[in-house]
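For reference, the chains in residue letters:
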Amino acid sequence: MATISTEIKRKKGISLLSLDAGGPRGISQLEILKHVMDRLNDNADGAITKRPCEVFAMIGGTGTGGLIAVFLAILKMTADEALETFTDVINKVFKDTSPNPTMQTEKLKKVVNEILAKHHVPLDTKLVPTNGAPPTCRLYIPVVDKKNTGSPIILTNYGDPRGPPVKLTIAEAMLATCASPPMFSPVEVTKDFGTVEYISADLGFCNPVRETIEGAHSAFGDETTVICVLSVGCGNLGANIAPGNSQANALITFLKRIALDGERKAQEVASQMEKLPLYHRLSVAYGIEISQDESWKDLEDISAHTRNYLIDEEVARTVNHCITTLKDGIGSTTLEQLKYLGGGEVLAPELLELTPNYVERKAPMEFLEKCLFDADGRIKGGSKRVIVTGMGGCGKTQLVRKLIENHGDLFVSVFFVDGSSNESIKRELTEHVRALGGAHSQKSFEECMKFLSLPTQGGERLLVIDNVDDPNLNISAFLPKWKRGAVIITSRNGSHGQLSPLSHLQLDVMSLNESIELLIRGSGGIQLSAQHSEAASKVAEELGYLPIALVQAASYIYRTECSADTYISLLRTSRQRVLSDPATSQIDMRYTTAFAAFDASYSILPSKARLALHLLSFFHRRRFPIDCIGFDAVNGFSSDIHYLDRGEEYERGRECLKEIFYSDGMWDPAELEYIISSLRSHSLIILMPTEITRLLQMHSLMRLYDC
């Protein structure tokens, strides 16, 4: 029976974008973001051009970085559109500044209104919609109350139940994040019979990467994994020389430059996350420093220095690494780890536990051992692939887990990977390699696959890819091209056996003796002691010797302390209810009922295969002749001989059969073969060839499955 750990339950990874405050130097940020997005879209294999709001699940920013965040997350601009819009803002508001903050604020308000009108956003539109689904891209902007600058107020485009509601409009949020005194006036908003004056948080939270991570943790939860954290600065401020006199203005400028230095925070975060491949910091090192008198910097100069920065060899490597990280989409570190531990080291996925009631299955185990080891118990030479297939709940994962317990020490390393999706395979393969530490900790997925294909010193690796059930998943892409090593694949999809026909184990149900032993162990010997083997055999027979159903039965008997005879009686009178009762006491079970295991297979069947499964459940589960379908289909599922009166139900029955087995209104034998192949590939039926025809057989519980 397959098991599942906490690692496998984690949500799909997300990426975060953090934008420093920087005034006009925000041009540099957007040049960098444009470069990253252009590179990302160049590698999109012809896909539709992605916007930042489609790549990043949360975009945070302070000061003008917050304004850019609104452009990207709320107005859904491309990086090019944001660069053009922000350039217009800088030219109209920041180029020829007025010493009067009221006049500066009016200029900013006019530009904000123009931007919103261009994007057809009414001025009274709230930042947080009153209803509807949460936004796909979350906005996170720290601002402060002028009368209490110690604690930030977070502006978001989603409702956060853990924080007080801030009912600003989009226009007010755009003004508030830029309202840096003394250049701009505070944004006054009436709240609870009073007025709150919002100002920019740029002096206290110039680099909001930590705050953005905390915001993502609050919005997405502990276990959400992070693919990428991209922090974009506005350039190094340059040397901050202490004033040589006691003039107040010089001292204020000195202290303000310290508060606006986002690079110190960037260095702190980089030192905490140095072992993680997810964190990337991009900020121009030289050329756009603010002079001591904070004089105007020409926008063309900012752009030119930024483009020169991006062609630097070290910067190009950082950008390439960032692009690869975003493309791979592998989240190895949780938001909880990032928030509280700064990331820490990458840990390999846990090896799933072996159930304490595991029963040795001699014949299947000997088959696996014969595929991997020679007569002396040593690992066979060359590249080895073993495929284990069978219906859900037949014990594939536990069999392989027992093999690892018996022989894992013979391998240099054992990588156990969740094969349920492309994403889970990529993530866990990468985590296994990165967990080796050192130079491996920064490897991309592609680099990890190349590494796995290299020969190892002192032995071989064993790679287990478990539960490869998705029929659309190309498992060949995840197999290392090694000359020495072993891969074991478990799947409900029998067609995977083609990967290694001579090493393909089609795992069936348990033998009678194995079933009895499992029932006795699992029930704790309360009612199914060794002296009750006859009663246990009756239970096993009723359940078709399916391991997951036997575990359910043992769990039920243990909890209720009923006898085997009582359990059999309950099965016959209330089968659906009894078989829906989960084996909740089992450790790390992927499925807790037989029907849950069937659900997993049924959910990915083609629609016609589902209908065929319903139809076949009306017949005896053994020896159904396949050819009789074609015999009747040729005649339109009708005959000239009338045994009974033919009414409306008869015609509905014919139409139902045609819907299942006809293609484009005509009988097509290939359609039947496709249906049979789909059911077989998920191990829901077995075909038994005879001299005359092929006979179909399904498990007794599958026939009773209420799909």
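Just above sits the structure.
Everything numeric in this text was worked out from a predicted model, so none of it was measured. (Residues numbered from 1 in each chain as written. Predicted model: local features only at pLDDT ≥ 70, side-chain atom pairs only at ≥ 80, totals over all residues. Heavy atoms only, no water.)

## Re helix α15 (residues 396-407)
Given 3.6 residues to a turn, an α-helix orients residues that are three or four positions apart in the same direction. Taking 1.5 Å per residue as the helical rise, α15 with its twelve residues ought to reach 16 Å, and the 17 Å between its terminal C-alpha atoms agrees with that figure. Taking burial as the measure, the twelve residues of α15 include ten buried ones, the bulk of the element. Along α15, the positions that sit buried rather than exposed are Lys396, Thr397, Gln398, Leu399, Val400, Arg401, Lys402, Leu403, Ile404 and His407. In this structure, the buried residues of α15 make contact with α14 (362-372), β10 (383-389), β11 (413-418), β12 (461-466), β13 (485-491) and β14 (504-506). (Helix = DSSP H or I, 4+ residues; strand = E, 2+ residues; numbered from the N terminus. Expected span 1.5 Å × (residues − 1). Buried < 20%, exposed > 50% of the residue type's maximum accessible area, 1.4 Å probe, protein only. Contact = heavy atoms within 4.5 Å.)

## With respect to the pairing of strand β7 (residues 225-232)
A regular strand carries its side chains on alternate faces of the sheet. Burial runs high along β7: eight of the eight residues are buried. Alignment of strand β1 (residues 14-19) against β7, held across six bridges, turns out to be parallel. Looking across to β7, one finds that Ser15 is bridged to Cys228. The sheet contact formed by β7 and strand β9 (residues 333-334) spans two bridges and is antiparallel. Paired with Thr225 across the strands is Thr334, a residue of β9. (Pairing = 2+ DSSP bridges.)

## Focus on the pattern of salt bridges
Counted under the stated rule, the structure contains 24 salt bridges. Note that Arg281 is salt-bridged to Asp20, the shortest N-O span being 2.8 Å. In this pair, Arg281 is assigned in strand β8 (residues 279-282) and Asp20 in the loop between β1 and α2 (26-42), connecting sequence segments 261 residues apart. Given the relative accessible area of 16%, Arg281 is considered buried. A salt bridge links Lys402 to Glu405, with the nearest nitrogen and oxygen atoms 3.2 Å apart. Of this pair, Lys402 and Glu405 both sit in helix α15, three residues apart, roughly one helical turn. Lys402 sits in the buried class, given a relative accessible area of 13%. Glu405 gets classed as partly exposed once you look at its relative accessible area, which sits at 45%. What emerges from the salt-bridge pattern is a single network uniting Lys34, Asp38 and Asp80. (Salt bridge = Lys/Arg side-chain N within 4 Å of Asp/Glu carboxyl O.)

## What about the side chain of His280?
Mapped onto the elements, His280 comes out in strand β8. The contacts of His280, once residues within four sequence positions are left out, are Cys228, Val229, Leu230, Ser231, Thr318, His321, Cys322 and Thr325.

## Regarding helix α4 (residues 64-73)
Within α4, ten of the ten residues are buried, which leaves it mostly tucked inside the rest of the structure. Here α4 has its buried residues at Thr64, Gly65, Gly66, Leu67, Ile68, Ala69, Val70, Phe71, Leu72 and Ala73.

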